[in-house]
Amino acid sequence: MSKMEVIKEFENKLLERKEVTVRLDSTSSTPSRNDVKEQIAKKFKVKADQIIVQNINSRYGNYSTEAQVYIYKSKDAIAKITSEHIQKRNESVAAETPAEEAPVEEKKEEATE
């Protein structure tokens with residue numbers, strides 16, 4: 001996990017969301033959207049499905065990353081305001097992968113003469 005610092009926080013009542021800019025310091029690569037969502041959810045005590053990570057910016061040669069995040073009051077507000085491609089981009093990786101299915105065994109047809 002990386003260290004997170006809130007740079008800017010703005011309550012946008014018209015769009016039913018809180019707009020937050022955070023700086024993440026880590027010793028590894030740029031954090032994924034899911035990592036950022038988890039940290040924001042923990043910090044602001046909200047569900048991860050109410051969070052949209054708008055963008056993540058990293059600078060070359062620096063382990064500091066800035067992310068712009070929107071925390072919505074409800075999933076309905078996300079559906080009304082946010083574009084579909086942004087919603088798809090922010091879907092959880094776990095939600096995209098189907099549950100493990102039992103391997104399908106191919107039936108070998110026996111040659112009948």
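That block above? That's the structure.
Summarised in this report is the structure supplied together with it.

This paragraph deals with unusual backbone geometry. With a phi close to 55 degrees, Glu-16 is a non-glycine residue in the positive phi region. Its place among the elements puts Glu-16 in the loop between strand 1 (3-12) and strand 2 (17-25). Phi at Lys-45 takes a positive value of approximately 55 degrees, unusual for a residue other than glycine.

Next up on the list: the side chain of Glu-19. Tracing the sequence through the fold places Glu-19 in strand 2. Side chain to side chain, Glu-19 and Asn-12 meet in a polar contact 2.9 Å long.

A few words now on the pairing of strand 1. Bridging between strand 1 and strand 2 involves 9 bridges; their strand directions are antiparallel. Each residue of the ladder has a partner; that of Lys-3, found in strand 2, is Asp-25. The turn joining strand 1 and strand 2, which pair antiparallel and follow one another in sequence, is formed by 4 residues; a positive phi near 55 degrees is taken by Glu-16.

Pairing is antiparallel across the open sheet formed by 4 strands, whose spatial order is 1-2-4-3. Looking along the sheet, the strands with just one partner apiece sit at the ends: strand 1 and strand 3 (51-58). In this sheet, neighbouring strand axes are inclined to one another by 15 degrees on average, regardless of whether the strands run parallel or antiparallel. Two elements, strand 2 and strand 4 (residues 64-72), share 9 bridges in a ladder whose sense is antiparallel.

Looking now at the nonpolar core. Counting 13 residues, the largest nonpolar core has Val-22, Val-36, Ile-40, Ile-51, Val-69 and Ile-71 as its most contacted members. Among the elements that make up this core, the one with the highest residue count is helix 1 (residues 33-44) (4 residues). With near-sequence residues (within four places) excluded, Ile-51 lies in contact with Lys-37, Ile-40, Ala-41, Val-46, Val-69, Tyr-70 and Ile-71. Residues Ile-52, Tyr-70, Tyr-72 and Ile-86 belong to the second largest nonpolar core, which totals 6 residues.

Cut-off values and rules
Residues numbered from 1 in each chain as written. Predicted model: local features only at pLDDT ≥ 70, side-chain atom pairs only at ≥ 80, totals over all residues. Heavy atoms only, no water. Helix = DSSP H or I, 4+ residues; strand = E, 2+ residues; numbered from the N terminus. Polar contact = N/O pair within 3.5 Å; in protein donor to acceptor, adjacent residues only side chain to side chain. Pairing = 2+ DSSP bridges. Axes fitted to C-alpha atoms, helices over the stretch in contact; angles between N-to-C directions. Core = buried A, V, L, I, M, F, W, Y, C linked by side-chain atoms within 4.5 Å. Buried < 20%, exposed > 50% of the residue type's maximum accessible area, 1.4 Å probe, protein only. Contact = heavy atoms within 4.5 Å.

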